[in-house]
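# Report on the structure
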Number of protein chains: 2
Amino acid sequence: MTEISQLLSGQPRAIARAISAVENGSESAAGLMKAVFSNTGKALVIGITGAPGAGKSSLVDKLAFHYREKGERIGIIAVDPSSPFSGGAILGDRIRMATLGLDKNVFIRSMATRGNLGGLSRATVDAVAILDAAGFDKVIVETVGVGQDEVEIVKTADVSVVVLVPGMGDDIQAIKAGIMEIGDVFVINKSDREGVVRMQKEIEALLNLAHRPDMWNPPIVKTVATENKGIEDLATAIESYRGFLKSNDASTVRRQAIARWRLLEILQERLLSDLLNRNGTNEKLDLLAAEIAEKKSDPYSAVEKLLEK
Amino acid sequence: MTEISQLLSGQPRAIARAISAVENGSESAAGLMKAVFSNTGKALVIGITGAPGAGKSSLVDKLAFHYREKGERIGIIAVDPSSPFSGGAILGDRIRMATLGLDKNVFIRSMATRGNLGGLSRATVDAVAILDAAGFDKVIVETVGVGQDEVEIVKTADVSVVVLVPGMGDDIQAIKAGIMEIGDVFVINKSDREGVVRMQKEIEALLNLAHRPDMWNPPIVKTVATENKGIEDLATAIESYRGFLKSNDASTVRRQAIARWRLLEILQERLLSDLLNRNGTNEKLDLLAAEIAEKKSDPYSAVEKLLEK
């Protein structure tokens, strides 16, 4: 069996190798992804984001259990662009492996590496395509941060879920965080805490300001993930947006916008790696970086020197 | 007076125009930044990050007031990579303008735009250099998100401050968020709440795991920003790290790493914009994006087509 057919038949080791290849850069991924791409489009891709501390991991785990009970196969990608020194994903992964990880029909992977060339967003979206092609019914992408990269990753999902908690709403920061505008479904997790009604009103008020181009009115679901409460409502809300997408032209526009974004991501990475792979570029970079650090040159002049033939 | 000399003499309109230029792309920024760069290096650049809801804005405002009382001039860049639809920075800006914004010696700017080419990190670091050259004594960069871009921006500061709040610590997410490892100074804000001792112990435990290459032991400062408590301690902690940096080789290594990162950011943006500026590339992109959306092509093959001469 070839590597690709092993992947398409859902073998975990082949899937893991493929994801490592896309993590290593767009060049090593290109051949693989060309073969993978025509086999995608069957999975429902669910993006889940929200502030740290909102309980996203628990929610994702419970949602995965919910789908498992229906006999579905679940892929989970946890995007964790953190840990320059020590690799912070490890603790969380160990805890998860103890619960979901022993189930053959669940594949969990943390994506944390981001090299010099960027490419975490590109690698994550590639990994989602790999799990889709490998026959998982649902692919859940969970982000840890709430930065621009994470927002873009979640926007490439079929359904974007934003997780909030009561008590966050009294801070302007939460409003500014921009995640309000990407949600197709909102979750108030830890909804056994005080302040749920207020939070809900605030979300509704912000949604009224947002003016979605597709006229969808995002449902607000209350959950207590740790007690498995509200998970079925969340699944229903996700399904209702999927239904809306299917009956709506917005789906085509969205897919094209995502495709354009992916093209630019891959292009940018490829252009830089082509340049860096030229003989001597890396040494030149180090030299120029030292000159800039000593204020003997500025970054813009240095870039022009690098681009000279 | 030329545009550059107006900028260097600290005229707000010239500064605002310069920042708009760097927001518009690396090409329009290049000439300007070459002139600006040799005038940088005097300001202390303070990066402030933390989860949404941690009270970063209040803390930044109070810290700015503190420096103002010493007669210093303060530049503030609020990085807000949010708001694809409606521009979420507006509300926060209005509130701030009502307090700090009337002071001529304080310059506040939100950076929210991020075009097709990325470049928010590059534009932010350029804006910091502009404020530095314009003679501000302190330049504070505050990020709203806690994603990869934000972490990278804060890492380019002279001193990185991470703001946490009591009660966040019981969630693994907070640990995974990766911001633990970039802090030179930690702040427990809202320290009149319950759970401060626990939070402090957790930060200390995590710092023990982190093994900083430069052997600095990050101080943990307790603040209640809204009541102006602990702000002087924060300023002292920032100053102590500045002193450490000066007496330490780490400063050179750090400056070179930052310079290398900036070079790659500018390079990547320039390479992509050079390609997109070629005749017909944009139309080709749209066409290929449509093909990918319809699964007639895959993104990697499409990129190869775009790179063909």
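Residues numbered from 1 in each chain as written. Chains lettered and ligands numbered in written order. Predicted model: local features only at pLDDT ≥ 70, side-chain atom pairs only at ≥ 80, totals over all residues.

## Brief notes about the overall build of chain A
On a plain count of helices and strands, chain A comes out with 13 helices and seven strands. Per-residue burial over chain A gives 53% buried out of 309 residues. (Helix = DSSP H or I, 4+ residues; strand = E, 2+ residues; numbered from the N terminus. Buried ≥ 20, exposed ≤ 12 C-beta atoms within 10 Å, placed from the backbone.)

## Overview of the nonpolar core
Core analysis: the largest hydrophobic core is formed by 176 residues, its most contacted members being I130(A), V141(A), I130(B) and V141(B). With sequence-adjacent residues up to four places away left out, I130(A) is seen in contact with L7(A), I15(A), A18(A), I19(A) and V36(A). (Core = buried A, V, L, I, M, F, W, Y, C linked by C-beta atoms within 7 Å. Contact = placed C-beta atoms within 7 Å.)

## Re unusual backbone geometry
Residue and element names in this part refer to chain A. Unlike most non-glycine residues, K295 shows phi in positive territory, near 60°. With respect to the element layout, K295 can be found in the loop between α12 (281-293) and α13 (299-307). Judged by the 14 C-beta atoms lying within 10 Å of it, K295 falls in the partly exposed class.

## As for the environment of A134(B)
Residues and elements named next belong to chain B. Structurally, A134 is set in the loop between α6 (120-133) and β4 (138-143). For the pair A134 and V197, spaced 63 residues apart in sequence, the C-alpha to C-alpha distance is 42 Å. Each residue touching A134, except ones within four places of it in the same chain, is listed here: L7, L8, G10 and I15.

## Let's talk about helix α6 (residues 120-133) of chain A
Residues and elements named next belong to chain A. Helix length check: α6, at 14 residues, gives a terminal C-alpha distance of 20 Å against a target of 20 Å (1.5 Å per residue), a fit within 8%. Among the 14 residues in α6, 14 count as buried, and that is most of the element. Trailing α6 by a residue or two, G135 shows a phi angle of about 90°, which is positive. (Expected span 1.5 Å × (residues − 1).)

## A closer look at the sheet that holds strand β1 (residues 44-50) of chain B
Paired through backbone hydrogen bonds, the strands of a sheet run either parallel or antiparallel to each other. All names here are of chain B. The strand order across the open sheet built from seven strands is β3-β2-β4-β1-β5-β6-β7, with neighbouring strands paired in parallel fashion. The sheet terminates laterally at β3 (106-111) and β7 (220-222), the two strands that pair on one side only. In this sheet, adjacent strand axes meet at a mean angle of 20° when their direction is disregarded. Sheet analysis places strand β2 (residues 74-79) next to β3, joined by six bridges and oriented parallel. (Pairing = 2+ DSSP bridges. Axes fitted to C-alpha atoms, helices over the stretch in contact; angles between N-to-C directions.)

## Focus on the environment of L7(B)
Mapped onto the secondary structure, L7(B) falls in helix α1 (residues 3-8). Other than its neighbours up to four places away in sequence, L7(B) contacts A14(B), I15(B), A18(B), I130(B), A133(B) and A134(B).

## So, the sheet that holds strand β1 (residues 44-50) of chain A
Residue and element names in this part refer to chain A. If you trace the seven strands from one edge of the open sheet to the other, you get β3-β2-β4-β1-β5-β6-β7, paired in parallel fashion. Edge positions in the open sheet fall to β3 (106-111) and β7 (220-222), since each of these has one partner strand only. Neighbouring strand axes in the sheet, compared pairwise and without regard to direction, differ in orientation by 20° on average. Bridge count between β1 and strand β5 (residues 159-164): five bridges; the pairing is parallel. Bridge pairing in β5 places T49 opposite V162. The sheet contacts of helix α4 (residues 56-69) involve β1, β2 (74-79), β3, β4 (138-143), β5 and β6 (185-188), and relative to β4 the element is tilted by about 175°.

## Comments concerning the pairing of β2(B)
Residue and element names in this part refer to chain B. When you tally the buried positions in β2, you get six out of six residues, the bulk of the element. The alternating pattern of β2 places I74, I76 and A78 on one face and G75, I77 and V79 on the opposite face, and all of these are buried. In this structure, β2 lies alongside β4, joined through six bridges in parallel fashion. Among the inter-strand pairings, I74 is bridged to a residue of β4, identified as K138.

## What about α13(A)?
Three or more residues of α13(A) are buried, namely P299(A), Y300(A), A302(A) and V303(A). Looking down the long axis of α13(A), one finds its buried residues gathered within 160° of arc, a one-sided arrangement. Where the residues of α13(A) are buried, they touch α12 of chain A together with α3 (26-37) and α11 (250-276) of chain B. (Arc of directions from axis to C-beta.)

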